[in-house]
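# Chain and residue survey
So the chains spell out like this:
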Amino acid sequence: MFPGYLNESILKRAQEIGQLDVRLHNIRDYASGKHRVTDEPPYGGGGGMVLKIEPLSAALEHILAQTTAGEADLGTKPEPTPVILLTPQGRPFSQKIAQELSAHERLVLVCGRYEGFDERVRQHLVTDEISIGDYVLTGGELAAMVLVDAVTRLLEGTLGAEGAAESDSHATGLLEGPHYTRPASFRGWDVPEVLRSGHDANIQQWRRQQALRRTWQRRPEMLLTADLDEADKWFLGKLAEEQDEGAD
Ligand code: ADE
């Protein structure tokens, strides 16, 4: 499931420059017995299959005993590695969590393809649980890839332009405003004059105001926690006035 996405574009480059190293482990390889059983019906009945604790425990023991290249270079005792279970019951993934995770030398992501996990996995083997949204996928793999993607693009040198991730939607606590490229006019749909003016201060101000406007329109609750200066507050006041006038 993973190589296709990992071997394209930014994730591919991140691996080439040594910023990303993804190792895939099949839980079945750690299951014992002829049939290498990884799941069983739940105690008490009720249908569905539950991921057993022993193979996952053996897998994690093996994986956590390995040292990453970065840890070897540092020559220090590795920091505790977050072991993250992908589950719709986890804490909602966000840009803030991506930033938090990007500070770790290594992450272990646990994907299930089952009705559920033995509860003791939650209680004793993992350190975190993350959901990528309020819907249920058939397995944790896509969710794990979402995490890998969002975290990788925050690592140094992975995006072409330096600082490209800093103005992203969500990185600033606001949605990003609109972007345009040539042609200046298409079917009479024109690029805003200010962007073609070459006046940098005006362009920066326009971009900030567009970000505020878009956030106000689409995700107003984000404004409650965004870092806003006096000019931002003044502009938001103007938007509120505009809306009041529209309501009259
Ligand atoms: N596994 C199944 N659904 C999921 C979700 N929404 N987020 C994370 N992992 C999942």
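The model shown is predicted, which means the values in this text are computed figures rather than measured ones. (Residues numbered from 1 in each chain as written. Predicted model: local features only at pLDDT ≥ 70, side-chain atom pairs only at ≥ 80, totals over all residues. Heavy atoms only, no water.)

### Quick notes on the environment of Leu101
Our working rule: Strands here are runs of E lasting at least two residues and helices are runs of H or I lasting at least four, both read from the DSSP assignment and numbered beginning at the N terminus. Only protein chains enter the accessibility calculation, which uses a 1.4 Å probe. A residue is then buried if its area is under 20% of the maximum for its type, exposed if over 50%, and partly exposed in between. Working rule for contacts: check all heavy atoms of both residues, and any pair within 4.5 Å makes them a contact.
Looking at the element boundaries, Leu101 is found in helix α5 (residues 95-102). In this structure Leu101 comes out as buried when scored by relative accessible area, which is 2%. As a C-alpha pair, Leu101 and Gly45 span 56 residues in sequence and 37 Å in three-dimensional space. Leu101 has contacts with Ile84, Phe93, Leu107, Ile130, Leu147 and Val151, leaving out every residue within four places of it along the chain.

### So, the pattern of salt bridges
The criterion, for reference: Just to be clear on terms, a salt bridge is a Lys or Arg side-chain nitrogen sitting within 4 Å of an Asp or Glu carboxyl oxygen.
By the definition in use, this model includes 14 salt bridges. One salt bridge in this structure joins Asp128 and Arg91, with 2.7 Å as the shortest N-O distance. Placement of Asp128 in strand β6 (residues 128-131) and of Arg91 in strand β3 (residues 83-92) is noted, with a sequence separation of 37 residues between them. Residue Asp128 is classed as buried on the basis of its relative accessible area, which comes to 15%. Close ionic contact of Asp118 with Arg120 constitutes a salt bridge, the shortest N to O distance being 2.7 Å. Taking relative accessible area as the criterion, Asp118 reaches 17% and is therefore assigned buried. Here Arg120 falls in the partly exposed class, since its relative accessible area comes to 41%. A single salt-bridge network, built from bridges that share partners, covers Glu40, Lys52 and Glu54.

### A short note on the domain arrangement of the protein
Heads up, the rule is: In this document the domain limits rely on a domain assignment from an automatic tool or a database.
Annotation of the protein at the domain level lists domain 1 (3-152) and domain 2 (185-247). Relative to domain 2, the C-alpha centre of domain 1 lies at a distance of 40 Å.

### So, the pairing of β3
The criterion, for reference: Being paired, for any two strands, means DSSP has found at least two bridges between them.
Looking at chain direction, β3 and strand β4 (residues 108-110) are connected through three bridges and run parallel. Among the inter-strand pairings, Val83 is bridged to a residue of β4, identified as Val108. Summarising the sheet, β3 and β6 pair through five bridges and their orientation is parallel. Each bridged residue has a counterpart across the sheet, and for Arg91 the counterpart in β6 is Ile130.

### Digging into helix α7 (residues 141-152)
To keep it simple, the criterion reads: One less than the number of residues in a helix, times 1.5 Å, gives the span that helix is expected to have.
With twelve residues, α7 should reach 16 Å at 1.5 Å per residue; the first-to-last C-alpha distance of 16 Å fits that figure. Extensive coverage of α7 is indicated by the burial of nine of its twelve residues. Looking at α7, one finds that the buried residues are Glu141, Ala143, Ala144, Met145, Leu147, Val148, Ala150, Val151 and Thr152. Looking at the buried residues of α7, the elements they touch are α1 (3-6), α2 (9-16), β3, α5, β4 and β6.

### What about helix α9 (residues 230-247)?
As a reminder of what qualifies: In the analysis that follows, any N or O atom pair within 3.5 Å is treated as a polar contact, provided that within protein one partner can donate a hydrogen and the other can accept it, and provided that, for residues neighboring in sequence, both atoms belong to side chains.
If you check α9, its first and last C-alpha atoms are 26 Å apart, about what 18 residues at 1.5 Å a residue would give, namely 26 Å. On its buried side, α9 packs onto α8 (200-218). In this structure Asp229 caps α9, since a side-chain oxygen of it lies 3.1 Å from the backbone nitrogen of Ala231.

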